[in-house]
Amino acid sequence: MTATTPENQSGQPDPAARAGLSTAEAARRLAAEGPNLLPGSAPKSTLAIVREVLTEPMFLMLLAAGGIYLALGDRAEATFLLGFVFVVIGITLAQERKTQRALESLRDLSAPRALVVRDGRELRVAGRDVVRGDLLVLREGDRIAADALLLDGQLEVDESLLTGESVPVAKTPDAVDRVGATNEAPGRPRRSSTPSGGSAVREATSVGAMLYASTVVTKGLGLAEVRATAGATAVGRIGADLAATTEPPSALQQASRKLVRRLGGGALVLAVALVLLGWRWDGRSLLDSLLSGIALAMAILPEEIPVILTVFLALGAWRISKQQVLTRRVTAVEALGAITVLAVDKTGTLTVNRMAVAGLATAHAHFTPEGASELPEEFHRLAEFAMLATPGDPFDPMEKAIQHFGHQWLAGTEHVHDGREPEFEYALSGEILAMTRVFASSEPAQHLLATKGAPEAVADLCHLNAERRKALRAQVEAMAERGLRVLGVARGRWAGAPAASGSDPLWPRSQHDFDFEFLGLVGLADPPRPEVPAALAECRRAGVRVIMMTGDHPATALAIARQVGLSGRPEVITGAEIAGLDDQALRDRLKQVDLCARLQPAHKLRLVQVLRAGGEVVAMTGDGVNDAPALKAADVGIAMGERGTDVAREAAALVLLDDSFSSIVAAIRQGRRIFDNIGKATRFVFAVHMPIIALALVPALLQWPVLLLPVHIVLLELLIDPACSIIFEAEPEDRGLMDRPPRAASSSPFAAAPVGHAVLQGLGIAGVLLLGQAWLVSQGWSVTQGRSVVFGALVLCVLLLILANRDLTRPALMGIIAPNPWLWRMAAAVGLLLTAVLGIPWLQNVMGLTLPGTAGLAVGLGLLALCGLWLELVRRFGPCLRHNPDDKQGERP
C-alpha cells in the first residue's frame with residue numbers, strides 16, 4: 001500500500017506542502033559547511049605540477065648540462081641553462097592551468113544536479129550546492145546527491161555501490177522511527193558482523209527510509225530531507241578511493257606514451273654511445289663529450305607529444321561544450337571523427353520533445369483538438385481512462401501531454417480524478433508493451449483497471465477478434481502516417497481474491513489475467529526540429545549513416561523520417577523481427593534498413609553490438625535508465641541533458657545540453673577538426689626534431705666542430721612547445737571537413753604514412769643545413785660564423801615547418817594567408833629571438849654566435865629557399881599524398 005502523510009493523503013510527495021530551506025539559509029549553510037563534494041575531487045595543486053616538472057627527463061638533462069657548464073667554468077652558459085629551468089616550469093604551469101581550467105569547467109557542467117525545494121518551490125541546483133536540511137525531489141533515474149531521510153513516496157534504490165548487492169532496495173517512510181531508534185549515525189548502512197555484510201545491509205535498509213549519496217533511484221517518486229553531505233555521507237566515509245575516479249588514458253595517449261618511452265630509451269643508448277665515442281675515439285674531454293651526449297638526447301626526446309594530446313583533447317572538449325555538447329569523458333573526443341553510424345532516438349532528438357494530444361479515435365469516431373470548442377461526450381471515457389492510466393505528476397513528456405489534455409477538455413466534469421492513487425501497478429515490460437494501474441472502487445471487493453500502451457499490446461489484452469484487430473490496425477496506421485505517436489487505452493474491472501490473512505488482495509501475476517474493454521486510441525504529435533533536415537544532409541555528405549531507433553509504431557517512425565529526410569528507404573525493422581534474427585542475419589538486414597521501431601532497451605543494446613561487430617564506429621543517443629547498457633556499449637554514448645536521467649548521463653561519454661540532433665553533428669565536426677590538428681602537430685614535432693638530431697649527431701661522428709649545444713636546443717624548445725600546444729590547437733577546420741568519409745578507427749597520427757612524411761621533411765632540411773655547413777667550412781668561414789648561419793636558418797625552418805604542416809594540399813607559403821590568430825605572433829617571436837641571440841653581445845657569447853653579415857644573410861636565405869623547395873617536393877610526392885590527400889587518411893575501405 002502507498003504510504004500517506006497528514007500533508008498528503010494521496011501518498012505522493014507534495015513538495016508544495018513543505019517550503020524547504022530559504023535561499024538565504026541554504027547559502028549560509030553552504031558557506032559554513034562547505035560544498036557537497038566527495039574526497040579526492042580537489043584540482044591538482046601548483047606544488048604537484050612543479051613536482052612533476054622536476055622529475056621530467058628534459059628537466060633533468062637541463063640540470064645536468066648546467067652542472068657540466070659550471071664544472072667547465074662557463075658560468076654564463078650555466079646561468080642561462082639553469083635560468084631556463086624556471087622558464088620550463090612557467091610554461092608547464094601555464095599549459096597545465098589552461099588544461100585544468102577547461103577540464104574543471106567541464107566537470108562543473110557534468111556534475112550531478114539535484115531538484116530541491118527552497119522557498120516553497122522546486123529548484124534545480126548543482127549537486128555541490130546541496131546542503132544539510134534541503135528537501136530533495138527524487139524520480140526514477142536520479143542519482144541521490146546526499147544522504148537523506150525519505151519523507152514521502154515510495155522508491156526502489158540501487159545501493160550496489162555501497163553493498164555490492166545488485167537487487168534494488170525498497171524504500172518507504174513508514175519505518176523512520178525504527179531506523180532512528182538504532183545507534184547508527186544517520187547515513188551509515190547497518191552491516192552484519194560477517195565479512196561481506198551485504199545481505200545484512202539489504203535486510204536493514206529494506207524497512208528503513210535512509211537514502212545514501214551516489215546511489216540511484218530505479219523506480220518511484222519521493223521527497224527526502226538531506227541529513228549529511230560531502231565527507232559525512234556513507235560513501236564519503238568509505239574513502240577517497242571510491243570518490244576520486246581516474247579517467248583511463250585514451251588509445252592515442254597510450255600509443256604516444258609507448259612511443260615516447262621507446263624514443264627515450266633510444267635517446268639514452270645513442271647519447272651514451274656518443275659520449276663514449278667522443279671520449280675514447282675523438283680524444284675530447286669527458287665533460288665535452290657529456291655535453292654532446294646530452295644535446296643529442298634532448299634533440300631526440302619528443303616530450304611535446306604527450307603535451308599535444310593532453311592539451312588538444314582537453315581544450316577540444318571545452319570547445320565542443322560551446323556547441324551545447326558536454327564531454328564527460330575526454331577520450332570520446334578521439335572517437336568523434338571516426339563515427340560511421342549515428343543511432344538516434346526520435347523523440348526529443350529529431351523532434352522538439354513538446355508532446356501534445358493531436359487526436360482521439362474510437363471504433364466509430366475521430367476527434368481533433370484543433371478548431372474544436374469542446375470534447376464530445378463519446379470521447380469522455382477514453383480521455384478519463386487515459387488520465388487514470390497516467391501518473392498524476394508524470395516525468396515523461398507524453399504522459400504530461402495526456403494529463404494536460406484531460407485537464408483542459410474534461411475540466412469541471414466527474415471524469416477528472418486528481419489525487420486518486422492506485423493500489424497496485426503493472427509496469428511496462430518487454431513482454432507486454434502496456435501498463436495497468438489498479439484502483440479501489442466504490443463497490444466492495446471491486447477494483448477499477450486503467451491501461452494504456454502500444455495499440456497491438458492493448459488489443460491483445462482485450463482479446464479483440466480478428467475483424468476488430470484489422471480495423472484497429474488500419475486506424476493506427478492512418479494516425480501513424482501523420483507522424484503521430486499512437487497509444488491504445490482500455491478499462492476493466494476485477495473482483496480481488498482475498499488473501500490468506502483476509503486483508504489485501506492477491507494481485508494476479510500478469511495483466512493477461514484481467515478482462516479489459518478496448519476504449520480507443522490517443523494520438524500524440526511531436527513536430528520535427530526545424531534544423532534537423534540540414535543536419536541530416538550534412539551527415540550524408542560526411543559519410544555518417546543515421547539510423548532511427550524508436551519505441552514508436554513503424555508508420556510513425558517512417559512518417560517522421562520522411563519529414564526530416566532521414567532515409568528514402570521505406571523499410572522498417574521492428575523489435576519483434578530483431579528478436580527472431582541471429583547476429584549475421586541482423587547485420588545483413590541492417591545494411592538495407594535505416595529505421596528501427598517498437599524497440600525495447602535490450603534491442604538497442606543488441607543493435608549497437610551487432611553494428612560494432614560489423615566494423616562500424618557507433619554513436620548512440622539515450623535518455624532512460626534502461627538505455628545505460630547500450631550507451632556504455634557504443635563507441636560514443638550520447639545522453640540527453642534536458643530530459644535524460646542521471647544514470648543515462650553517467651553512462652554516456654557525451655551529454656547533449658539542448659537535446660538537439662544538430663548539436664551532435666556539430667560535435668562530430670569539432671571531433672574531426674581536433675583529430676586533424678593532432679595529426680598536424682605530430683607531423684611538425686617529428687619533422688622539426690630530425691634536423692636538430694642530425695645537427696647534434698653528424699658533426700660528432702664526422703669530427704666537425706660542434707654545431708648545436710644544449711643552449712641552442714633549449715632556445716629551439718621555446719619555439720617548438722608553443723607551436724604545438726597553441727598554434728596547431730587553434731588551427732581552423734580544413735576545407736571540405738564534412739565532405740569526406742570518416743577516418744578509419746585504426747588510423748593514428750603515429751602511423752607509418754604521417755610519421756614517414758614528417759621524417760622526410762626533417763631529413764631533407766637536415767641534409768640542406770649540413771651541406772651548407774660543409775660548404776661554409778670549405779670556403780674558410782669560421783666555426784662561429786658557420787654556426788650562426790646554420791642556426792639562424794634552422795630557427796626560420798621551424799616557422800617554415802609550421803606553414804608546411806598546416807595544410808598538405810597547398811604549398812607551405814600559402815599557409816601565410818590562411819587564418820590563425822597565433823601565426824603572426826609566432827613569426828614575431830621567431831624574429832625577436834633571432835635578433836636577440838645574434839645582436840645582444842652577452843647572448844652571442846653564451847650561444848657561441850655572431851652577426852652573420854650580408855654574405856651570411858644571403859647564404860642563410862639560400863639555405864631556407866632550398867629547404868622550402870624540399871618541403872614542396874615532399875608535399876607533392878611524399879607518403880601522405882598516396883595515403884592522405886586532403887588529410888583523408890581515414891577514408892574507409
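Sequence order as written defines the numbering, with residues in each chain counted from 1. Local features in a predicted model are, by the rule used here, given only for residues with pLDDT of at least 70; side-chain atom pairs are given and counted only at 80 or more, and totals for whole chains, interfaces and linings are based on all residues. Neither water nor hydrogens contribute to the side-chain values; these are computed over all heavy atoms in the structure.

Asker: Honestly, the overall build of the protein in this entry has me stumped. Any pointers?
Answerer: The number of helices and strands found in the protein is 33 helices and 22 strands. Any two residues having at least one pair of non-hydrogen atoms within 4.5 Å are treated as being in contact. A sequence separation of at least 24 residues applies to 73% of the contacts in the protein between residues at least 6 apart. For the purposes of this entry, the term helix denotes a DSSP run of H or I that reaches at least four residues, the term strand denotes a run of E that reaches at least two, and both are numbered from the N terminus.

Asker: I keep staring at the environment of threonine 784 and nothing clicks. Help me out?
Answerer: Relative to the assigned elements, threonine 784 resides in helix 29 (residues 783-806). Measuring from C-alpha to C-alpha, the distance between threonine 784 and leucine 849 comes to 5.4 Å, with 65 residues separating the pair along the chain. Excluding residues within four positions of it along the chain, threonine 784 makes contact with Gly848, Leu849 and Thr850.

Asker: Teacher, can you tell me more about the packing of helix 26 (residues 661-701) against helix 28 (residues 752-778) here?
Answerer: The description of two packed helices rests on the angle between their axes and on the distance between the axes. Between N-to-C directions, angles span 0 to 180 degrees; the directions come from axes that are lines fitted to C-alpha atoms, helices contributing only their stretch in contact. Contact pair helix 26 / helix 28: the axes reach a minimum separation of 7 Å and the direction vectors enclose 35°. Of the two elements, helix 26 crosses helix 28, and the hand of that crossing is right-handed. Along its contact with helix 26, which presents Arg683, Phe686, Ala687, Met690, Pro691, Ala694, Leu695 and Val698, the element helix 28 presents Pro754, Val755, His757, Ala758, Val759, Gln761, Gly762, Leu763, Ile765, Ala766, Leu769 and Leu770. Split into classes, the residues belonging to the contact of helix 26 with helix 28 amount to 16 nonpolar, three polar and one charged. If you view the pair so one helix is near and one far, a crossing is left-handed when the near helix is turned anticlockwise from the far one by less than a right angle, and right-handed when it is turned clockwise. Three classes are used: nonpolar for Ala, Val, Leu, Ile, Met, Phe, Trp, Tyr, Cys and Pro, charged for Asp, Glu, Lys and Arg, and polar for all others, with Gly counted as polar.

Asker: Whenever I open this one, the side chain of glutamate 731 confuses me. Can you help?
Answerer: Here glutamate 731 shows up in the loop between helix 27 (710-727) and helix 28. Given a relative accessible area of 4%, glutamate 731 falls into the buried group. Distance and chemistry together define a polar contact, namely a pair of N or O atoms within 3.5 Å, with one atom able to donate a hydrogen and the other to accept it when in protein, and with adjacent residues in sequence counting only for side-chain atoms on both sides. Separated by 2.7 Å, the side chains of glutamate 731 and arginine 806 make a polar contact. With residues near it in sequence (within four places) discarded, glutamate 731 still touches Arg673, Asn677, Lys680, Arg806 and Asn820. Categorising residues by exposure relies on relative accessible area from a 1.4 Å probe, with only protein chains included: less than 20% of the type maximum marks a residue as buried, more than 50% marks it as exposed, and the intermediate range marks it as partly exposed.

Asker: For this particular structure, what's the right way to read the sheet that holds strand 10 (residues 356-361)?
Answerer: Backbone hydrogen bonds hold the strands of a sheet together, and the pairing may be parallel or antiparallel. The antiparallel open sheet is built from seven strands, whose spatial order is 11-10-16-15-14-13-12. The open sheet has two edge strands, strand 11 (366-367) and strand 12 (424-426), and neither has a second partner. At least two DSSP bridges between two strands are required for those strands to pair. Note that strand 12 and strand 13 (residues 434-440) share three bridges and pair antiparallel. By the bridge assignment for strand 13, tyrosine 426 is matched with threonine 436. Helix-sheet contacts for helix 16 (residues 397-409) involve strand 10, strand 11, strand 13, strand 14 (446-453), strand 15 (485-495) and strand 16 (516-525), and the interaxial angle to strand 10 is about 70°.

Asker: Teacher, can you tell me more about the pattern of salt bridges here?
Answerer: Where charged atoms from two side chains of opposite charge approach closely, those side chains can pair. Salt bridge criterion: a side-chain nitrogen from Lys or Arg within 4 Å of a carboxyl oxygen from Asp or Glu. As enumerated under the stated definition, the model contains 34 salt bridges in all. A salt bridge links arginine 28 to glutamate 25; the shortest N-O distance between them is 2.8 Å. One end of the pair, arginine 28, and the other, glutamate 25, are both in helix 1 (residues 23-33), three residues apart, so they sit about a helical turn from each other. The exposure class of glutamate 25 is partly exposed, given its relative accessible area of 22%. Lysine 171 is the partner of glutamate 159 in a salt bridge, and the nearest nitrogen-oxygen pair spans 2.9 Å. Pair noted here: glutamate 159 is in the loop between strand 4 (147-158) and helix 5 (160-163) and lysine 171 is in strand 5 (residues 169-171), with a separation of 12 residues, a long-range link. No difference in accessibility class separates glutamate 159 from lysine 171, as the two residues are buried. Counted as one network, the salt bridges with shared partners bring together Glu25, Arg28 and Arg29.

Asker: What is the right way to look at the environment of arginine 261 in this model?
Answerer: The residue arginine 261 is located in helix 10 (residues 251-281) in this model. A sequence separation of 42 residues divides arginine 261 from glutamate 303, and the C-alpha atoms of the two residues are 9.9 Å apart.

Asker: Sorry, what's going on with the packing of helix 19 (residues 532-541) against helix 26 here?
Answerer: With their axes 9 Å apart at the nearest point, helix 19 and helix 26 run at an angle of 30° to one another. Classed by the angle they form, the pair helix 19 and helix 26 counts as roughly parallel. Where helix 19 crosses over helix 26, the handedness of that crossing is left-handed. When helix 19 is examined against helix 26, the residues Val532, Ala535, Leu536, Glu538 and Cys539 are found in contact with a partner set consisting of Phe661, Ser662, Val665 and Arg669. Counted by class, the contact of helix 19 with helix 26 contains six nonpolar, one polar and two charged residues. Note on terminology: angles under 35 degrees are roughly parallel, angles over 145 are roughly antiparallel, angles of 65 to 115 are roughly perpendicular, and the others are oblique.

Asker: Before we go on, may I ask you to explain helix 29 in this structure?
Answerer: Every α-helix carries 3.6 residues per turn, so stepping three or four residues along brings you back to the same face. With 24 residues, helix 29 should reach 34 Å at 1.5 Å per residue; the first-to-last C-alpha distance of 35 Å fits that figure. The element helix 29 is largely enclosed, with a buried count of 20 among its 24 residues. By definition here, a helix of n residues has an expected span of 1.5 Å times n minus one.

Asker: Hey, could you run me through the pairing of strand 14 in this one?
Answerer: Side-chain direction in a regular strand flips from residue to residue, so the side chains alternate between the two faces of the sheet. Across the eight residues of strand 14, seven count as buried, placing the element largely inside the fold. In this sheet, strand 14 lies alongside strand 13 in antiparallel orientation, the contact comprising seven bridges. Residue pairing for strand 14: methionine 435 is matched across the bridge by lysine 452. Where strand 14 meets strand 15, eight bridges bridge the pair, whose relative direction is antiparallel. Looking across to strand 15, one finds that lysine 452 is bridged to valine 489.

Asker: What's the story with the sheet that holds strand 17 (residues 545-549) in this structure? I'm lost.
Answerer: Read from one edge to the other, the open sheet built from eight strands follows the order 8-22-21-20-9-17-19-18, with strand pairing classed as mixed. What marks the edges here is a single partner per strand, and that holds for strand 8 (325-327) and strand 18 (572-574). Strand-to-strand, the axes of this sheet are offset by a mean angle of 20°, without reference to chain direction. In terms of strand pairing, strand 9 (residues 341-344) meets strand 17 through four bridges, oriented parallel. Residue leucine 342 lies in a different strand from strand 17, and its bridge partner there is valine 546. Relative to the sheet, helix 20 (residues 554-564) contacts strand 17, strand 18 and strand 19 (595-597), its axis offset from that of strand 19 by approximately 145°.

Asker: Got a minute to help me understand the nonpolar core in this structure?
Answerer: Note on soluble globular proteins: their nonpolar side chains tend to be buried together. Counting 131 residues, the largest nonpolar core has Leu342, Leu566, Phe661, Phe684 and Ile802 as the members making the most contacts within it. Per element, the largest residue contribution to this core is 21 residues, and it comes from helix 26. Each residue touching leucine 342, except ones within four places of it in the same chain, is listed here: Cys539, Val544, Arg545, Val546, Ile547, Ala619, Ile638, Phe661, Ile664 and Ile668. Residues Ala114, Leu211, Tyr212 and Val235 belong to the second largest nonpolar core, which totals 31 residues. By nonpolar core we mean a set of buried residues, namely Ala, Val, Leu, Ile, Met, Phe, Trp, Tyr and Cys, connected to one another through side-chain atoms within 4.5 Å.

Asker: What's the story with unusual backbone geometry in this structure? I'm lost.
Answerer: Across residues other than glycine, the phi torsion is negative in most instances, and most of the peptide bonds are trans. Even without being a glycine, aspartate 119 presents a positive backbone phi close to 55°. On the secondary structure map, aspartate 119 appears in the loop between strand 1 (113-118) and strand 2 (121-126).

Asker: Looking at this structure, I do not really get the packing of aromatic side chains. What am I missing?
Answerer: Given two aromatic rings, their pairing is described by the distance between the two centres and the angle made by the two planes. Stacked, tilted and edge-to-face are the three classes applied to pairs of Phe, Tyr and Trp rings, where Trp contributes its six-membered ring and a pair requires centres within 6.5 Å; stacked means planes under 30 degrees apart, edge-to-face means over 60, and tilted covers the rest. For the structure on display, the rule yields 11 aromatic pairs. With 5.9 Å between their ring centres and 45° between their planes, phenylalanine 367 and phenylalanine 379 make a pair best called tilted. Of this pair, phenylalanine 367 sits in strand 11 while phenylalanine 379 sits in the loop between strand 11 and helix 15 (380-388), and the two are 12 residues apart along the sequence. The same class applies to phenylalanine 367 and to phenylalanine 379, which are both buried. Here a set of aromatic residues connected by ring pairs shows up, and it is made of Phe424, Tyr426, Trp494, Trp507, Phe514 and Phe516. Here the guanidinium or amino end of arginine 743 rests over the ring plane of phenylalanine 675, the centre of that ring lying 3.6 Å away. Comment: the charge-over-ring label is applied if NZ (Lys) or CZ (Arg) is within 6 Å of the ring centre and within 35 degrees of the ring normal.

Asker: Please clarify how helix 20 should be interpreted in this entry.
Answerer: Within helix 20, eight of the 11 residues are buried, leaving the element largely enclosed by the surrounding structure. Among the residues making up helix 20, those that are buried are Ala555, Thr556, Ala557, Leu558, Ala559, Ile560, Ala561 and Val564. Glycine 565 sits one or two positions beyond helix 20 and adopts a positive phi of about 75°.

Asker: What is the right way to read a positive patch on the surface from this model?
Answerer: Nonpolar side chains (Val, Leu, Ile, Met, Phe, Trp, Tyr) are joined into patches within 5 Å and like charges within 9 Å, using only residues with over 30% relative accessible area and no salt bridge. Only the protein chains shown count as cover for residues, and all accessible areas are computed by the Shrake-Rupley method using a 1.4 Å probe. Charged residues are defined narrowly, with Lys and Arg counted positive, Asp and Glu counted negative, and His plus the chain ends left uncounted. By convention, charge coordinates are those of NZ in Lys, CZ in Arg, CG in Asp, or CD in Glu. On the surface, Arg257, Lys258, Arg261 and Arg262 cluster together into a patch of positive charge. Residue classification places arginine 261 among the exposed residues on the basis of a relative accessible area of 58%.

Asker: Which parts of the structure should I look at to understand the confidence of the model for the protein?
Answerer: Low pLDDT marks regions whose predicted coordinates should not be analysed in detail. How sure the predictor is of each residue is captured by pLDDT, a score from 0 to 100. When pLDDT is averaged along the protein, the result is 81; 82% of the residues meet or exceed 70. No element of the protein has a lower mean pLDDT than helix 7 (residues 198-205), which averages 33, and none a higher one than helix 15, which averages 95. Note on residues 1-17: pLDDT is under 50 here. Beyond four places in sequence and across chains, it has 33 contacts. A low-confidence stretch, residues 175-208 stays under pLDDT 50, and its non-local contacts, those more than four residues away or across chains, total 48 contacts.

Asker: Would you mind going over the pairing of strand 3 (residues 135-139) with me for this structure?
Answerer: Of all five residues in strand 3, five are buried, a share of seventy percent or more. Direction of pairing for strand 1 relative to strand 3: antiparallel, over a ladder of two bridges. What sits directly across from valine 117, in strand 3, is leucine 135. Bridge count for strand 3 against strand 7 (residues 216-228) is five bridges, and the pairing is antiparallel. Its bridge partner lying in strand 7, valine 137 is registered against leucine 223.

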